[in-house]
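A structural walkthrough
Spelled out, the chains give:
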Amino acid sequence: MKDNDYADARIVQPVAPAGSGYVRRGDALPRIDGRAKVTGQARYSAEYLESDTAHAVVVSSTIARGRIKALQLEEAKAVPGVLDILWHGHRPRMRKLDLFYKDMTSPAGSPFKPLADADIVYSGQPVALVLAESFEAARYAASLVRVDYEETPHQTNLLSQLLRQRDPAKFKAGFSMPPKPKGDADGAFAAAPVKVEAEYYAGPEHHNPMEMHATTVLRAPDGHLTVYDKSQGSQNVRMVLSHVFGLSKKKLTVRNPFVGGAFGSGLRPQYNAILAVMAALHLQRSVQLVLTRQQMFTFGHRPETWQRVKLAAERDGTLRSIIHEAVGETSRLEDYVEVVVNWSGQLYRCDTLRLEYQVVDLDHYTPCDMRAPGAAHGLHALEVAMDELSYALEMDPLALRLQNYAERDAAKDLPYSSKELRACYTQGAERFGWARRTPQPRSMREGNELIGWGMATGQWDALQMFGRARAVLHADGRLLVESAASDIGTGTYTVMAQIAASTLGLPLENVTFRLGDSTLPLAPIEGGSSHVATIGSAVEGVCEKLQKKLWTLARRMPDSGFARMPFSDVEFVEGTIRRRGDPASAVSLVGVIAASGYAGVEDSYLLLPNKLRQRKYVCAVHSAVFCEVRVDEELGTVRVTRLVSAVAAGRIINSLAARSQVMGGMVWGISQALHEETHCDHGLGRFMNHNYAEYHVPVNADIHEIEAIFVEEDDRVVSRLGAKGVGEIGIVGVAAAVSNAIYHATGRRIRSTPMTPEKVMAPGEGWLAGDSAIGINGERGSYRAQRDL
Amino acid sequence: MNPFAYSKPQDVQAALAQVAGEEGAARFIAGGTNLLDLMKENVMRPARLVDINRLALDAIEATPQGGLKLGALARNAHTAYHPLVRERYPLLSSAILAGASPQIRNMASNGGNLLQRTRCYYFYDTGTPCNKREPGSGCSAMGALARQHAILGASEHCIATHPSDMCVALAALDATVHVASPRGERSIPFAEFHRLPEDRPEVDTTLAADELILAITLPPAGGLRAHSVYLKLRERLSYAFALVSVAAALDVGADGVVRAARIALGGVAHKPWRDLRAEALLVGRRCEEDAFLAVADALLQGATPQGAGLGSNAFKIPLARRAIVRALRQAAQGTVTNLGGRDEGGVDAGLRRNDTVGGVTA
């Protein structure tokens, strides 16, 4: 492997500290990049400034729809240090066709093209880019740019636009439309003795990673551009930038060695990447562009979603009908789609099903995937509805789920590749003490607080994509493994090193895993909880190829005893190759390479999912979530005092990293339940709580006991490692469990998130509050009322 | 951020001189925890910053009358944990610790806390009209996103609220603000320090542009310190501004009869909200639920909801009513603090369990 021509010594390569020693799959290894991160050695995309780097600051539109009539730039240009101001009439050439802007996860439609023309399609859209010698000058000048607009009426309110719902174009990686109806769900609903029907609503949410989206473009004297971009896939960004500006792969390297959280916001290249490269090409010099926290609310977000669920059952709890309809927000540019309702056809056994998913286009930027896209909302509605049904049946909520437990996917009639959900229910319930639950709402109280217990189920797909890993074991016993993977804070560096070290029996500190560079072997974006099953399998695959090479070399060694030994009889333990279970036969790997005369052994492995086999199954991860809340119903406050999630997600490679992932997701579930929502002013068509003070996520004081339990599976259909993925599952089901616990505490059902004080407060004194204030399940402006008109 | 001049005078006279004659274009800066944000957002554009951190205004000392004098430059954290504040004005400690985050409390000065600006979304977003930011441009919050906005004392020009927690306690404690200008020194009763928006929402206080806050004094707390509570309701348990907050203090005689009552509300108006007539309703009465309800209804007389749909703040009227009753109920039982265990002296390392709604009864 040759050195990268545009290497940057400032990039820290995480390697486990000396003495880490031999490791196994499943070990709770701390992050090998942890020290670099907490000591500030790990650089993020805005930390590659050079002395001559110019600064770019985006000017954002203040209207939601219309056209730019004119830009007044004189005052801004007069600021000392300003180099130029780019806008749609003054910028380097960029391609026009949609196809050049498509990335690995684009939905159908026409991707947003920054500074392409005078059209304004959402509030906060970049309308100009100020370039200056210093960040301060650029920011000041940006405040002086005046834009004259011709406004056109806009529409940003999903609930008022539900009648415009339509079928979406279905083309997006990882998306599948709802299955066809099964049986007569509406007839079965009408005929069944016990039924529930309700509407659910969730407002938009923004990802808000700690690290703002930023791009630093370093221009080499030969014109080559090295782009440090906050991204979940360096090769995805390179593809789009290459296409948009007509730059060959050789002229463009994209890197993301460290990413300060992304949660989906870095799956697609954002406008900062295109604008920074545009500026570098225009100025013929290095440029940095960092979005402000406010501008973090000017691109993709979790879509506002309306849902209706109808469930019907026999008196013994047997489900007879599942009807789940969802309408999600998209933009006028693209059909963002996510799987919201399909889970309702998978999780429970039921003869009749009708699942529908539609979209309404609004004057917002296109929504994008955000942790457990679709499932976070879709399973919230289904699992709250199941809870409602349990009370209608006077049946324990867990017993109702077990009564309808699906051994096969109900919609596709396929078996699961593995499904330990039943054990999740059992172990989670045991850990939580569910058996001691008093069934009646309002049956537990302490001081001013009512106490409630609720539970819910979670599900996410077990995805595997394709990717390549390359490895070389050097003569000194050091192993280098490479792939253009990403580590968005999830632990990729650590887990891949752990897989490689355990496969070859090397000490962890001998293994270097390089990622985050578009010149490395092919890797997908880090999304959908697929990186371990994909890159991890490729790493194991390439290490097994090295094993075979080492075995071949060992067989050639005189007197080694391996000459006639089949590969199946050898093992790689503690830096040696040896006959299985026979320490006396061990020969060091360093010795094998030395004897061979080679400088090392090298290979690469392309992981292609076995689609033929995988499509015979439904591949999924599951969770059972149990929750205790304490509700001061007089004041509307909720504390989530205990939360247990039992997760079945295949083999766990690193139990510490996996637990952290799931716990992070659980915290986010509390956030979804109680805190998080982007408030849009529909008059202005603009998101308004665009900062950390007003966009609420939980603080330490909001989080109490949280426990993640793993119910291990070994799923060789999903991946050769037996692993699935744990990125998304932690959040799924949590909001429903919180909502169900609030019902158990108070006897009042809240069907929209977040469940803020005005919804939780006990009613009284005749004010409009709760869900009816936003127009669902109430007289006012409900979807049903509209359609009946 | 706009270019600005910067100076760091050594004493009060020099500081006053550097601001004099600038006609509002110069601002004093202490902790900078609000002003710097506002400058970054282009909401405030001072041409000159006069850094007063070298001024000797950070003392906290007892007054001869048995009260306390809080230097304008004493930090919020230092004030909240000061032994004299904790002992004599637990209400003030609680209120300060209910606000912001440990990091911000370590930087924020007492004088600056009084001068913090509203957290109205629109005030912070220069892409929208706002009468407080740009007089005459209109109020965007009216009929829109107004969860944080006023239910009392709003005008047709502005429905913003004052965001401070500390000020709510200072209002309840009848503090006095001592200020200096080239014209000399004067004292402003706390109730007159902040103003209602009326037709000049751009003006938050009665402090003149060239006046500097020197100190805040508190009269002796007397019996009030044994029965006080700061109850803050918000959308998460720390680092969120109040939807509604209540500072309540009672002087209850041995016979169980209320001798004096102080109630100030936060999050509901352009200034900490007090109503002396409402407080008088409690005097001479026992600590009973119907008395508390009568006070709450009197305090909230004329309350008007703002905003629409998701942004409606109509819920704040019943929420405030319940919060007032809860706070009085708690105060009747004793003093509630959120101090928890912490070594005296150092910086504010943050609190966990004490950021709860009820706190612990001391």
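Our structure is the block above this text.
Here's a quick rundown of the structure. The model shown is predicted, which means the values in this text are computed figures rather than measured ones.

**Considerations on the overall build of chain B**
A count of helices and strands for chain B gives 13 helices and 13 strands. For 362 residues, the compact-globule estimate of 2.2 N^0.38 gives 21 Å, and chain B sits close to it at 20 Å. Taken across its 362 residues, chain B has 60% of its residues classed as buried. In chain B, the share of contacts with a sequence separation of at least 24, taken over all contacts with a separation of at least 6, comes to 65%. Counting only carbon and sulfur atoms, one obtains 50% of the accessible surface of chain B, whose full area is about 13300 Å². Here chain B holds 39 positive side-chain charges and 35 negative ones, and the gap between their average locations is 4 Å.

**A closer look at the pattern of salt bridges**
Residues and elements named next belong to chain A. Using the criterion set out here, one finds 75 salt bridges over all chains in the structure. For Arg10, the salt bridge identified is with Asp8, shortest N-O distance 3.0 Å. Classification of Arg10 as partly exposed rests on a relative accessible area of 21%. The exposure class of Asp8 is buried, given its relative accessible area of 16%. Several salt bridges share partner residues, and in doing so they unite Arg65, Arg164, Arg166, Arg332, Asp335, Asp361 and Asp363 into one network.

**Thoughts on unusual backbone geometry**
For the peptide bond that leads from Thr753 of chain A to Pro754 of chain A, omega is -5 degrees, which places it in the cis range. Mapped onto the elements, Pro754 of chain A comes out in the loop between strand S33 (752-753) and helix H16 (757-760). Phi is positive for Asp413 of chain A, close to 55 degrees, though the residue is something other than glycine. Its location among the elements puts Asp413 of chain A in the loop between strand S17 (408-409) and strand S18 (414-415). A positive phi is found at Tyr239 of chain B, a non-glycine position, where the angle reads about 55 degrees. Its location among the elements puts Tyr239 of chain B in the loop between strand S9 (228-233) and strand S10 (244-252).

**Considering helix H6 (residues 271-283) of chain A**
All names here are of chain A. The terminal C-alpha atoms of H6, which comprises 13 residues, lie 18 Å apart, in line with the 18 Å expected from a rise of 1.5 Å per residue. With 10 of 13 residues buried, H6 is to be regarded as a mostly interior element. By the burial criterion, the buried members of H6 are Tyr271, Asn272, Ala273, Ile274, Leu275, Ala276, Val277, Met278, Ala279 and Ala280.

**Some remarks on the interface of chain B and chain A**
Listed per partner, the contact involves 42 residues of chain B and 46 residues of chain A. Carbon and sulfur atoms supply 56% of the area buried between chain B and chain A, which totals about 3900 Å² over both sides. At the boundary of chain B and chain A, one finds 6 salt bridges. The interface formed by chain B and chain A holds 16 residue pairs in polar contact (both at pLDDT 80 or more) in total. Counting residues per element, the side of chain B that touches chain A draws most heavily on helix H13 (residues 316-333) of chain B, at 7 residues. Per-class residue counts for the side of chain B that touches chain A are 20 nonpolar, 8 polar and 14 charged.

What counts and what doesn't
- For every chain, the first residue of its written sequence is number 1, and the numbers climb from 1 along that sequence.
- To label them, take the chains in the order written and letter them from A, then take the ligands in the order written and number them from 1.
- Selection of residues for local features in this predicted model requires a pLDDT of at least 70, selection of side-chain atom pairs for listing and counting requires 80 or more, and totals for whole chains, interfaces and linings are taken over all residues.
- Working from all heavy atoms in the structure, the side-chain values ignore hydrogens and water.
- Starting at the N terminus, helices and strands are each numbered in turn, a helix being any DSSP run of H or I of at least four residues and a strand any DSSP run of E of at least two.
- The globule rule is 2.2 Å times the number of residues to the power 0.38, and the radius of gyration it is compared with is taken over C-alpha atoms.
- Note on classification: 1.4 Å probe, protein chains only; a residue is buried when its accessible area is under 20% of the maximum for its type, exposed when over 50%, partly exposed between these limits.
- Whether two residues are in contact is decided by their heavy atoms: any pair within 4.5 Å suffices.
- Every accessible area reported is derived by Shrake-Rupley at a probe size of 1.4 Å, with residue values counting cover from the shown protein chains alone.
- A positive count includes Lys and Arg, and a negative count includes Asp and Glu. His and the chain ends are not counted in either.
- Here the site of a charge means NZ on Lys, CZ on Arg, CG on Asp, or CD on Glu.
- Salt bridge, as used here, is a side-chain nitrogen of Lys or Arg placed within 4 Å of a carboxyl oxygen of Asp or Glu.
- Here a helix's expected span is defined as the number of its residues, less one, multiplied by 1.5 Å.
- Defined in terms of a 1.4 Å probe, buried area is the accessible area two parts forfeit on being brought together, summed over both.
- Any pair of nitrogen or oxygen atoms within 3.5 Å is treated as a polar contact; in protein, a donor-acceptor pairing is required on top of that, and neighbouring residues in sequence qualify only through side-chain atoms on both sides.
- Three categories are distinguished: nonpolar for Ala, Val, Leu, Ile, Met, Phe, Trp, Tyr, Cys and Pro, charged for Asp, Glu, Lys and Arg, and polar for the others, with Gly belonging to the last.

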